[in-house]
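Residue-level structure breakdown
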Amino acid sequence: MPITLPPLTRRQFGKVAIAVGGEALITSNASAARNSENTELDQNRVALLADTHISADPGRRYPGTKWPGSPVSEDEHESVNMAESLSETAKRVIALEPRPVHLILNGDCAFSSGKVAEYKEFLRLVEPIRAAGVTVHVTIGNHDNRENLWKTLPFLRKDQMGIQAEVIELEHANLVLLDSGRKGVLGDKQLKWLANQLDQRSDKPALIFGHFNPYPNRGVRPIRGMQDGAALLKLLGERKHARAYFYGHTHEWQHDQKGHLNLINQPAVSYYFGKGIANGWVDMRLTDGLAQIKLHCINRKHKQHGDRITINLTT
Ligand SMILES: [Zn+2]
């Protein structure tokens, strides 16, 4: 079941109101338009974020380059303020014309282990995005804690708690959000669910999102990734309409292609693991036959700022 943070109306802004949807959330153009108040929302535009790692302390800075085996010497680590990175991203997403109808945060909302205080701060930082009419969707990363996230969702019923997977149906593509949990495992039940959801919607291209990398990454900080990544890739490889898998976790912007399947590694919104590596978010625009994605770095002077990848959606 998904964690979806619906847009806030002006009256709700300042409170934090959350609702959680049903098993497979179907977002029609009509309902999205209704939520938009007076703002024009682009029904075919989605902001893609990952690894915000929000601390309970908004002043918290962290050297992402500091990890066991890091090649960066002790006095040369680079630090990033996580809350500032997310609020800067929020401002830029809200400023897009037209504004995206959805925002997907692909795991690791929280800084440490998904404490309630971290989620409260996270919710405070995404409030302006929701007040701007954008629907926020969250996948679970290894630094998240479902139980604690649920505690910050006042209207959640016990029967709505579980695996956080959902399908968002858009005009040109279906977006499938997966829950790879704290340990990077989808599990047989969720893989079966995914196969079913894809098979029921084989008439339209699908873009799949999960926090973990499905195979060991080649970046500055090698990370083994998802335990059942091979099973996921096999499942997606067997379905031509599965056009891309988007993941975070490695904190690096990379692109691979395996047959019809694009593998898009989203950068971290906040810190990065190697010196000079891009941090920021991705703007995705969908048309009939194409998904065009563009990297927005927090540092607009970064050499990869404005990088584009085009995904062919035609099977
Ligand atoms: Zn992670």
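Presented here is an overview of the structure given in this document.

As a further point, take the pairing of strand β10 (residues 242–247). Of all 6 residues in β10, 6 are buried; the element is thus mostly enclosed. Bridge count for strand β9 (residues 206–209) against β10 is 4 bridges, and the pairing is parallel. What sits directly across from Leu207, in β10, is Ala244. A crossover links β9 with its parallel partner β10, the connecting element being helix α6 (residues 229–237), and its sense is right-handed.

A separate point is the sheet that holds strand β11 (residues 254–258). Within the open sheet, the 6 strands sit side by side as β7-β8-β9-β10-β12-β11. Their pairing is mixed. Edge positions in the sheet fall to β7 (166–169) and β11, since each of these pairs with one other strand and no more. Direction aside, the axes of adjacent strands within the sheet are offset by 20° on average. Pairing geometry for β10 and strand β12 (residues 261–265), over 4 bridges, is parallel. Each residue of the ladder has a partner; that of Ala244, found in β12, is Asn262.

What follows covers the nonpolar core. Ranked by size, the top nonpolar core spans 77 residues in total, and within it Leu48, Ile54, Leu103, Val176, Ile208 and Ala291 carry the most contacts. Per-element tally for this core: the top contributor is helix α3 (residues 116–131), with 6 residues. Apart from residues no more than four positions distant in its own chain, Val176 is found in contact with Val167, Leu194, Gln197, Ala206, Ile208 and Phe209.

Strand order in the open sheet made by the 7 strands is β1-β6-β5-β2-β13-β14-β15, with mixed pairing throughout. If you trace the sheet from one side to the other, it starts and ends with β1 (3–5) and β15 (308–312), each paired once. Between one strand and the next, the sheet's axes are offset by a mean angle of 25°, whatever the strand orientation. Relative to β15, strand β14 (residues 290–297) runs antiparallel, the two sharing 5 bridges. For Ile293, the partnering residue across the bridge sits in β15 and is Ile309. Strands β2 (41–49), β5 (99–106), β13 (280–287) and β14 of the sheet are contacted by helix α2 (residues 82–95), whose axis makes an angle of about 150° with β5. Packing of α3 onto the sheet brings it into contact with β1, β5 and β6 (135–139), and relative to β6 it is tilted by some 140°.

Definitions and cut-offs
- As a convention, each chain's residues are numbered from 1 in the sequence order in which they are written.
- Local features are withheld for residues below a pLDDT of 70 in this predicted model, meaning they are given only at 70 or higher, and side-chain atom pairs are given and counted only at 80 or more; totals for whole chains, interfaces and linings count all residues.
- Whether a residue is buried, exposed or partly exposed follows from its count of other C-beta atoms within 10 Å of its own C-beta, namely 20 or more, 12 or fewer, or something in between, respectively; the C-beta atoms are built from the backbone.
- Per the convention used, a helix needs a DSSP run of H or I reaching at least four residues, while a strand needs a run of E reaching at least two, with both numbered from the N terminus.
- Here, any two strands with at least 2 DSSP bridges between them count as paired.
- For the handedness criterion, the strands are oriented away from the viewer, and a crossover whose path from the first strand over the helix to the second runs clockwise is classed as right-handed.
- Angular values range over 0 to 180 degrees, each being the angle between N-to-C directions of two axes fitted as lines to C-alpha atoms, with helices fitted over their stretch in contact.
- We define a nonpolar core as a collection of buried residues of the types Ala, Val, Leu, Ile, Met, Phe, Trp, Tyr and Cys that are connected via C-beta atoms lying within 7 Å of each other.
- A residue pair is marked as a contact if its C-beta atoms, positioned from the backbone, fall within 7 Å.

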